[in-house]
Amino acid sequence: MLALLGWGCRAGTCGRAASGPGPLSEEERRAIPGVIAFISERADQKDVWLVKPSGEETQLTKSPGEDDFPAAPSPDGKALLVIAARMVNGFHLEQMRLQPLDGGEPVALHPPRARTRNPSWSPDGRWLVAESDARSFSDLVRLEPKAGTQEQPLTQVKEGCFEPAVSPDGREVAFVSSREGDPEIYVMKADGTDERRITAFHQEDREPRWSPDGQWLSFISNREGRERYFLVRPDGTSLRAVSGEATKLDERELAWSPDSKKVVFVERLPEAKSRLWVAAVDGGAPVALTDGRSRDDAPAWSPDGKYLVFVAERQGDVDLWLMRADGSGQTRLTTAKGPDWLPRWFVPR
Amino acid sequence: MNPMRNPFAAAAAALALAACGPQTPDSPEAAQAPSASAVADAAREAVRPGAPGELDPLFEQAAREFNVPANLLKAVSFTETRWQMWPGLTEFEGMAPAYGVMALRGEQLARGAALAGVSEAQARTDVLANLRAGAALLSAEAEALMVDRASLGDWAPAVARFSGITHTDAQAEYVHHDVFATLRKGVVAQSAEGTVTASIMPTEVQAKFAMPSLRALAAGPDYAEAVWRPSGNYGERPAGTDISMIIIHTCESSYASCWSWLVNPDSGVSAHYVVKEDGSEISQLVSEEKRGWHIGATYDCKLNSNVDCGLTGTSVNHFSVGIEHGGSASQTSFPAGQIEASAKLSCDISRDRTILRDSYHIVAHGKLQPATRTDPGPNWPWASYLSKVQAYCTSDIIVDTNNANNDAAVAKFSASANWTKTSSTSGSYGGDYYYASVQGITDTAVFSFYLPAAATKSIEAWWTAGTNRSASAPFVIFNAAGTKLGTVNVNQQAGGSQWNALGSFSFQAGWNTVQVSRWTSSGTVVIADAIRVR
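Residues numbered from 1 in each chain as written. Chains lettered and ligands numbered in written order. Predicted model: local features only at pLDDT ≥ 70, side-chain atom pairs only at ≥ 80, totals over all residues. Heavy atoms only, no water.

When you go through chain A residue by residue, the secondary structure sums to two helices and 28 strands. Taking 349 residues into account, the globule formula puts the C-alpha radius of gyration at 20 Å, and chain A, at 20 Å, falls close to it. Principal axes of the C-alpha set define a box for chain A whose edges measure 55 × 45 × 35 Å. Intrachain contacts of chain A at a sequence separation of at least 6 include 36% that bridge at least 24 residues. Carbon together with sulfur atoms contributes 49% to the accessible area of chain A, which is approximately 13300 Å² in total. Both charge centroids of chain A, one from 47 positive and one from 55 negative side chains, sit 2 Å from each other. (Helix = DSSP H or I, 4+ residues; strand = E, 2+ residues; numbered from the N terminus. Rg over C-alpha atoms; globule rule 2.2 N^0.38 Å. Contact = heavy atoms within 4.5 Å. Areas by Shrake-Rupley, 256 points an atom, 1.4 Å probe, with all protein chains shown as cover. Lys, Arg positive; Asp, Glu negative; His and termini not counted. Charge placed at Lys NZ, Arg CZ, Asp CG, Glu CD.)

What follows is the structure in structure tokens.
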């Protein structure tokens, strides 16, 4: 363990023992912008809740016998896409719904089906791209965020297309396709034409994510025998590993900072623990934000890029925690019994 | 690591290492080294957070109190859980979840707790209470069967009853090949710090119990290396089904308990395959053509921190093949032998059924059942597992310019400092490539590949095309003795970002090479990116 602690994080300068006194003050928390949607398991079923950085919670969805997962906030900040999952006669069904934040009735986008997931919004909020099994094992469809929308197929690949990510300018969609026998990253125009292949390797390349300025794509690959994040220009050039020599084990759950200058990600540690790292996109050694003594996961940036929310299993429960983007001021945000996880941080309107 | 290494030597080595100061923790992936012995793996598994530190004194205490042989208690515990505290996960409806190092479940747990004078909650979560409850149960079985407690072999029927297994053959397998085999072989587990946490010294002992039936066991109908133990718990797949997925499960029980439950007509569940903890045996229970009943329950995501699990979920019995693995989703690592055997099986299924070998088609039960299942758990080594499945299924060797991407046993690349590494042109193989200016000198970039035996192979090359490339870049092919087999000149201004055939050549056993030469006249640079040997 000492060997790991030595990297990018001198003893006493990061994680729980970080600079700055203890947890964030009430005053500081009240000044943090936005709201965080998350899954809570405090009831029998999974529901979506909202929590402000100050700690004030409200329940957004409540449907007994059904699990709701927060997918993606709408670009106008007025609604959240929710994936609702339930068992019907032994079949698992999923439905994408647009849940208004003002408490209005959710709008179901399509009838329940076996697979509908990973939606990604256009920047103007007029359409989105998602995985669907409507016509195949898994292909990408483009649809409008309204009831009974027509799904326009964007791909038709028997082996499956996955994990669409609409570019920040709305012109392109990065995605994964297994047509070559293993997953590779592709980019196509938002109408499904002009595909270009970004990666070529006989191992897995998955999870394409645009930097908010559209200059980079991040993706995860097991090409070196472990799961590791790489950056590449959207034309396929300038590929490099995010973590350099800093991490040794599997990485997961990368998130781009709003200014596109940094990425935060998780390194899996032995004994089911994990640790958060931040890396500057223009290079330099990544810095550990947490100390690796517990399970810290699923980081998400505040809209102003000054704070992170993350999931931590400390004090005997899985909760959301807040910290400054330098790892200081780690503060428990949710306290209800039962796991709270999958945070999505956005500015509601 | 010597695959046959003595577990006691392993423990001693670990102790010696521990004396040299802090160690970098073993990666969970590192635990999958193919040559590691199952026993050594078991040793690595034995310590997990919040779980037992030193187990030996606790085993001794519980065994003494209930007049049970300590080694027997240890061997039963090792067979059930590899000496880990199981948290009580559910895999099959109707089979109560197993708790603690003794894997006590359901009424058995209640009875054991009562006999040991502890609460059920204590028996579930406290190591000593769990061991005492287990010892009390074993003792009660011995009492009922009037076992001669001084004779280790006489305990076998009590062990069989303790297992809860009702299938006669599975009982025999459990007693002879698991519990008593463990006693005969011995096991040592050590903590990350190198201290011995639990150990069984090898004992000469024979179980006094009916041997497993001697009738020849048939090979599985779809996988000849499997033992065919047909289950009646299956249905027909819908007409025209394209079998497109492999689902990875853990049993939340031992192998014998697992397959015997899945062939029990009362269980209402099945899987196509079950892989034993050490990989030494696989059972096939359902023909791949048929619809197994391995998915159908709901899942609990709280141990599965991955975002994916939240957004997924489907009932996929009709188009998938299910592989169960003896063990638990809570395991901190999986034995290398089990991963190897399972990867070989997944390769075979994927080849026969044309299933893609990627993480969208070889999937965790927990990922697809995001309501109450977590198996095979956060420590299933997905990256190396998928690599192994692919490696078993392809005889291709790919040599990339980035040696971090290469399987060092069969592929390596080298070039002098005059060659420049770059990723400035898109479409390179693996993300980067090397270039060098054309010059009348011998300064090649060398792709080396290892063949265990002489063979004729076709060679393909990958480059990034561009107008400044040589129109006649020389690829020179040598055998392991350094004899030139041929030169192929290619136009690197075209044919970029794809495999281009260079031809077939007869290679020798050993390290053969394909070299990119700078000695050519046209163009300004030559490119070395990757070669494929098929």
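Back to the text.
All names here are of chain B. On average, chain B scores 85 in pLDDT, and the residues at 70 or more come to 85%. Under a pLDDT of 50 for its full length, residues 1–51 has, in the predicted model, 96 contacts with residues more than four places off or in other chains. Here residues 297–315 scores under 50 on pLDDT; set against residues more than four positions off or in separate chains, the count is 85 contacts. In the predicted assembly, ipTM is 0.82 and pTM is 0.81. (pLDDT = per-residue confidence, 0-100.)

Before going further, it helps to spend a moment on the domain arrangement of chain B. Residues and elements named next belong to chain B. Along its sequence, chain B is organised into domain 1 (55–200), domain 2 (227–393) and domain 3 (397–533). Across the boundary between the two partners, domain 1 contributes 25 residues, which contact 35 residues of domain 2. When domain 1 packs against domain 2, the two sides together hide about 2200 Å² of surface, and 57% of this comes from carbon and sulfur. The three residues of domain 1 that bury the most area against domain 2 are L89, E91 and F92, which together make up 30% of that side's buried surface. At the surface where domain 1 touches domain 2, the tally comes to two salt bridges. A salt bridge links E173 to R229; the nearest nitrogen and oxygen atoms lie 3.4 Å apart. For the pair domain 1 and domain 2, the number of links is five residue pairs in polar contact (both at pLDDT 80 or more). Looking at the side of domain 1 that touches domain 2, the elements with two or more residues in it are α4 (70–81), β1 (86–87) and α9 (168–185). When residues of the side of domain 1 that touches domain 2 are assigned to their parent elements, the largest contribution, six residues, is made by α9. Residue composition of the side of domain 1 that touches domain 2, by class: 10 nonpolar, seven polar and eight charged. (Domains from an automatic or database assignment. Buried area = accessible area lost by both parts, 1.4 Å probe. Salt bridge = Lys/Arg side-chain N within 4 Å of Asp/Glu carboxyl O. Polar contact = N/O pair within 3.5 Å; in protein donor to acceptor, adjacent residues only side chain to side chain. Nonpolar A, V, L, I, M, F, W, Y, C, P; charged D, E, K, R; others polar.)

It is worth spelling out the side chain of Q390 of chain B at this point. Along the polypeptide, Q390 of chain B turns up in helix α14 (residues 382–393). From its side chain, Q390 of chain B meets the backbone oxygen of R357 of chain B in a polar contact 2.9 Å long. Dropping the residues within four chain positions of it, Q390 of chain B is found in contact with D182, H202 and Q203 of chain A together with R357 of chain B.

Attention now moves to helix α5 (residues 106–116) of chain B. Residues and elements named next belong to chain B. All buried positions along α5 are accounted for by L109, G112, A113 and A116. Down the axis of α5, the buried side of the element spans an arc of 100°, and every buried residue falls inside it. Relative to its buried face, α5 has exposed residues pointing more than 90 degrees away, namely E107 and A114. The elements touched by buried residues of α5 are α3 (56–66), β2 (98–100), β3 (104–105), α6 (120–125) and α7 (127–145). After α5 finishes, the residue G117 shows a positive phi value of roughly 70°. (Buried < 20%, exposed > 50% of the residue type's maximum accessible area, 1.4 Å probe, protein only. Arc of directions from axis to C-beta.)

Right, let's get into the environment of H294 of chain B. Residues and elements named next belong to chain B. In this fold, H294 is placed in the loop between β11 (291–292) and α11 (307–311). For H294, a relative accessible area of 5% translates into the label buried. Considering only alpha carbons, one finds H294 and A114, 180 residues apart in sequence, at a separation of 34 Å.

Let us look at unusual backbone geometry. Residue and element names in this part refer to chain B. Cis rather than trans, the peptide bond between D375 and P376 has omega equal to 5°. By the element assignment, P376 lies in the loop between α13 (365–368) and α14. For W83, which is not glycine, the phi torsion reads 60° and is therefore positive. Relative to the helices and strands, W83 is located in the loop between α4 and β1. With phi around 55°, S497 is a residue other than glycine that occupies positive phi space. Tracing the sequence through the fold places S497 in the loop between β21 (484–490) and β22 (500–507).

All names here are of chain A. Within the open sheet, the four strands sit side by side as β16-β17-β18-β19. Their pairing is antiparallel. Looking at which strands have only one partner, the edges of the open sheet turn out to be β16 (205–210) and β19 (240–241). Relative to strand β18 (residues 228–232), strand β17 (residues 217–221) is paired through five bridges, and the arrangement is antiparallel. Its bridge partner being in β18, L217 is matched across the sheet by V232. (Pairing = 2+ DSSP bridges.)

Residue and element names in this part refer to chain B. Scanning the model with the defined rule gives 20 aromatic pairs over all chains in all. Both rings, one in W380 and one in Y385, keep their centres 5.1 Å apart while their planes meet at 65°; by these two values the pair is edge-to-face. Given a relative accessible area of 0%, W380 falls into the buried group. For Y385, a relative accessible area of 0% puts it in the buried group. (Phe/Tyr/Trp six-rings, centres within 6.5 Å; stacked < 30°, edge-to-face > 60°.)

Residues and elements named next belong to chain B. Within this structure, the stated rule accounts for two disulfides over all chains. Covalently, C251 is tied to C258 through a disulfide, its sulfur atoms 2.1 Å apart. Here the S-S torsion is close to -80°, and the disulfide linking C251 with C258 is therefore left-handed. For the pair formed by C251 and C258, the shared burial category is buried. (Disulfide = S-S within 2.5 Å.)

Moving on, we come to the nonpolar core. Judged by nonpolar contacts, the single largest core of 68 residues is most densely connected at L72, W83, L138, V159, F180 and L262 of chain B. The dominant element in this core, judged by the number of residues it contributes, is α7 of chain B, at nine residues. Among the domains, domain 1 (55–200) and domain 2 (227–393) of chain B are the pair contributing at least three residues each to this core. V51, A72, I83 and M96 of chain A belong to the second-largest nonpolar core, a separate cluster that totals 34 residues. (Core = buried A, V, L, I, M, F, W, Y, C linked by side-chain atoms within 4.5 Å.)

We now examine the side chain of Q203 of chain A. Examined against the element boundaries, Q203 of chain A turns out to sit in the loop between β15 (196–197) and β16. What makes Q203 of chain A buried here is its relative accessible area of 9%. A distance of 3.3 Å separates a polar atom in the side chain of Q203 of chain A from a polar atom in the side chain of S387 of chain B. If sequence neighbours within four positions are ignored, Q203 of chain A has contacts with D182, P183, E184, N222 and R223 of chain A together with S387 and Q390 of chain B.

Looking now at the pairing of β16 of chain A. Residue and element names in this part refer to chain A. Taken across its six residues, β16 has five buried, putting it largely inside the fold. Two elements, β16 and β17, share four bridges in a ladder whose sense is antiparallel. The residue bridging R209 from the neighbouring strand is S218, located in β17. Linking β16 back to β17 in an antiparallel pair, the connection comprises six residues, with G214 at a positive phi of about 75°.

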